[in-house]
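# Structural overview for review
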Amino acid sequence: MHSPSRQKAVFRFAPSPNGFLHLGHALSALTNQKMAQEQGGRLLLRIEDIDQTRCRAEFEDEIFRDLAWLGLEFESPVRRQSQHVADYQEALSRLEALGLIYPAFLTRGEVKARLAAGEASGKPWPRDPDGAPLYPPDDRLRPASQRAHLLKNGLRHTLRLDMQKALSLVKEPLTFQETGDGEKGEITADPSVWGDVVLSRSDAPSSYHLSVVVDDALQGVTHVVRGLDLFHATSVHRLLQQLLDLPVPVYHHHRLVLGADGRKLSKSQGSTGIAALRAADHSPADIRHLLGF
Ligand code: GLU
């Protein structure tokens, strides 16, 4: 009897070249490598450089150097988000056709003022899981004629997802399989806590959320392995996958590497940077050992 061939698992490490890699990135890359090896899967590298205002070529060069030094090998060609803007535009147009996108014009200052006014009434303004205040409803409620007028005048804006409307189109509970270091099993996604997320800006044609789900689908990624700091973002990713009819990978959010101050490492933390550790004569084996491999 002919048995259907089992599809190979596909893993990816997806750094953003907006800073140098640190131990947290090494943990992500090495966990991806280990899981890919264990499952006989493929290992891809994706350069998440869609936000060209923050990404720099020298950071990308250093990422390649650090990963090679750590002994990580990836398939080529490497996908670079900045070379695939049309893919994200297409996804955005589909969401637009569903009536789920609106132009958001409020400046940072205006948002701040709305928050202050809202909180003056005694109730705290709702915040997303990263602690950022949710976007006020002003632009979503703006009459069509006013919206058209502002657009005609070329007013700077972002494109946001109308979260409530998007959720109204989803008929079944959104869930995902999680195998990482935090909550495990079938997780119920709760995208509403993020409010009307940004999907596109004038200086970055696609947001992280949109490009990551489009790329994972286009690259056939079956396992998303990344830090626990992105656990809650998965709720937004599940919603976008549902709206765009994309397959759902298995998720594995691993523990974070914390600095001496007990906080998440940042890209500017020199001493835990891979390049700095290399310069200080640590070996790739030291790094693996330090991270528990
Ligand atoms: N590019 C993201 C970062 O560097 C990771 C995205 C992901 O793994 O989904 O934080």
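Data block above holds the structure.
Keep in mind it's a predicted model, so treat the numbers as computed, not measured.

So, on to the site of the ligand. In the vicinity of the ligand, the contacting residues are Arg12, Ala14, Pro15, Ser16, Glu48, Tyr208, Val212, Arg226 and Leu230. Within the side chain of Arg12, a nitrogen or oxygen atom sits 2.8 Å from an oxygen atom of the ligand. Here Tyr208 contributes a side-chain N or O atom positioned 3.0 Å from an oxygen atom of the ligand. The fraction of the free accessible surface of the ligand (300 Å²) that becomes covered by protein chains is 81%. For the shell around the ligand, the class distribution of residues is 5 nonpolar, 1 polar and 3 charged.

With that out of the way, let us pick up the packing of aromatic side chains. For the coordinates displayed, the defined rule picks out 3 aromatic pairs. Arranged with centres 5.5 Å apart and planes meeting at 75°, the rings of Phe176 and Tyr251 form a pair that is edge-to-face. Here Phe176, found in strand 6 (residues 175-178), pairs with Tyr251, found in strand 10 (residues 250-254); they are 75 residues apart in sequence, far enough to count as distant. By the ring-pair criterion, three or more aromatic residues cluster together here, those being Phe176, Phe231 and Tyr251. The ring of Tyr135 is capped by Arg160, whose NZ or CZ atom sits 3.7 Å from the centre of that ring. Its end group placed over the ring of Trp69, Arg278 keeps NZ or CZ at 5.7 Å from the ring centre.

Moving on, we come to the nonpolar core. In this structure, Leu95, Leu161, Leu199, Leu210, Leu239, Leu240 and Leu243 are the most contacted members of the largest nonpolar core, which totals 35 residues. Those elements giving two or more residues to this core turn out to be helix 3 (85-97), strand 5 (158-161), helix 7 (163-168), helix 8 (208-218) and helix 9 (233-244). Sequence-distant contacts of Leu95, that is, excluding residues within four places in its chain, are made with Leu100, Ile101, Leu199, Leu210, Leu240, Leu243 and Leu244. Formed by 20 residues, the second largest nonpolar core is a distinct cluster that contains Leu21, Ile63, Val257 and Ile274.

Counting across every chain of the model gives 19 salt bridges. Across the pair Arg80 and Glu60 runs a salt bridge, and its minimum N-O distance is 2.7 Å. A residue pair is termed long-range when its members are at least 10 positions apart, and Arg80 in strand 3 (residues 79-80) and Glu60 in helix 2 (residues 57-69) qualify at 20 residues. Residue class for Arg80 comes out partly exposed when judged on its relative accessible area of 21%.

Here Ser76 and Pro77 are connected by a cis peptide whose omega angle stands at 5°. Along the polypeptide, Pro77 turns up in the loop between helix 2 and strand 3. Despite not being glycine, Asp281 has its phi angle at roughly 70°, a positive value. In this fold, Asp281 is placed in the loop between helix 10 (274-279) and helix 11 (284-290).

Our focus in this paragraph is the environment of Asn32. Residue position: Asn32 is located in helix 1 (residues 23-38). A C-alpha to C-alpha distance of 24 Å links Asn32 and Ala57, two positions 25 residues apart in sequence. Non-local contacts of Asn32, meaning those with residues more than four positions away in its chain, are made with Phe11, Arg12, Phe13, Leu43 and Val225.

Either a parallel or an antiparallel arrangement is found when strands of a sheet pair, and the pairing is made through backbone hydrogen bonds. Taken together, the 3 strands give an open sheet; going across it, the order is 4-5-8, and neighbouring strands pair in antiparallel fashion. Of all the strands in the sheet, the pair left with one neighbour each is strand 4 (101-104) and strand 8 (198-201). Recorded for the sheet is a direction-independent mean angle of 30° between the axes of neighbouring strands. Where strand 5 meets strand 8, 3 bridges bridge the pair, whose relative direction is antiparallel. Each bridged residue has a counterpart across the sheet, and for Leu159 the counterpart in strand 8 is Ser200.

The rules behind each value
Residues numbered from 1 in each chain as written. Predicted model: local features only at pLDDT ≥ 70, side-chain atom pairs only at ≥ 80, totals over all residues. Heavy atoms only, no water. Near = heavy atom within 4 Å. Polar contact = N/O pair within 3.5 Å; in protein donor to acceptor, adjacent residues only side chain to side chain. Areas by Shrake-Rupley, 256 points an atom, 1.4 Å probe, with all protein chains shown as cover. Nonpolar A, V, L, I, M, F, W, Y, C, P; charged D, E, K, R; others polar. Phe/Tyr/Trp six-rings, centres within 6.5 Å; stacked < 30°, edge-to-face > 60°. Helix = DSSP H or I, 4+ residues; strand = E, 2+ residues; numbered from the N terminus. Lys NZ or Arg CZ within 6 Å of the ring centre and 35° of its normal. Core = buried A, V, L, I, M, F, W, Y, C linked by side-chain atoms within 4.5 Å. Buried < 20%, exposed > 50% of the residue type's maximum accessible area, 1.4 Å probe, protein only. Contact = heavy atoms within 4.5 Å. Salt bridge = Lys/Arg side-chain N within 4 Å of Asp/Glu carboxyl O. Pairing = 2+ DSSP bridges. Axes fitted to C-alpha atoms, helices over the stretch in contact; angles between N-to-C directions.

Coordinates in, geometry out; function isn't part of it.
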